[in-house]
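Chain residues, written in single-letter form:
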Amino acid sequence: GKTLCQACKKKCSGEVLRVQDKYFHTQCFKCKVCANSLAQGGFFSKDGSYYCTADYQRHFGTKCASCQDYVEGEVVTALGKTYHQKCFTCDRCRQPFPSGDKVTYTGKEVLCQKCVHIPIRDGTPSASPTTNNAN
């Protein structure tokens, strides 16, 4: 039987792309949003449509809770937020959490095992003879 292009519905001949079980003329395989060719680079598929990376991220992507760039690949999800692994850091020392280490959420901060044991100073200055203001 004839193989038809999914996009233009005309007979496929010449240079043809096979994407999963569908066929496209090379020039017909385009991003649904921006219509740029997807024949040469990476693409995403969602609900039967095809998207370039930028448009897929803009419409369906998840942003890192720390740096606000889109996340893909290996990510960290904690407290309902998503992070790049390098962006998920201790709120005090700003170091990434070592793989497999425990992370402690205090209600305000996410802390590594070193920082969770450091006591917090309350921030109010203590009176000392050098800070008294004499009029």
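Preceding this section is the structure that the text describes.
Please read these numbers as outputs of a predicted model, since none were measured by experiment.

### Quick word on helix α1 (residues 53-60)
Among the residues of α1, D55, Y56 and Q57 are the ones counted as buried. On its buried face, α1 sits against β3 (44-46), β4 (49-51) and β6 (70-71).

### A word on the pattern of salt bridges
This structure, assessed with the given rule, holds three salt bridges. Of the charged contacts, one joins R58 and D55 as a salt bridge, the two residues approaching to 2.6 Å between their closest N and O atoms. One end of the pair is R58 and the other is D55, both in helix α1 and three residues apart, which spans about a single turn.

### Some thoughts on the pairing of strand β2 (residues 22-25)
Relative to β2, strand β1 (residues 16-19) runs antiparallel, the two being bridged by four bridges. Its bridge partner lying in β2, V19 is registered against K22. Hairpin connection between β1 and β2: a loop of two residues separates the two successive antiparallel strands, and Q20 in this loop has a positive phi of roughly 55°.

Parameters and conventions
Residues numbered from 1 in each chain as written. Predicted model: local features only at pLDDT ≥ 70, side-chain atom pairs only at ≥ 80, totals over all residues. Heavy atoms only, no water. Buried < 20%, exposed > 50% of the residue type's maximum accessible area, 1.4 Å probe, protein only. Helix = DSSP H or I, 4+ residues; strand = E, 2+ residues; numbered from the N terminus. Contact = heavy atoms within 4.5 Å. Salt bridge = Lys/Arg side-chain N within 4 Å of Asp/Glu carboxyl O. Pairing = 2+ DSSP bridges.

From the geometry alone we can't say anything about function, so treat these as descriptive.
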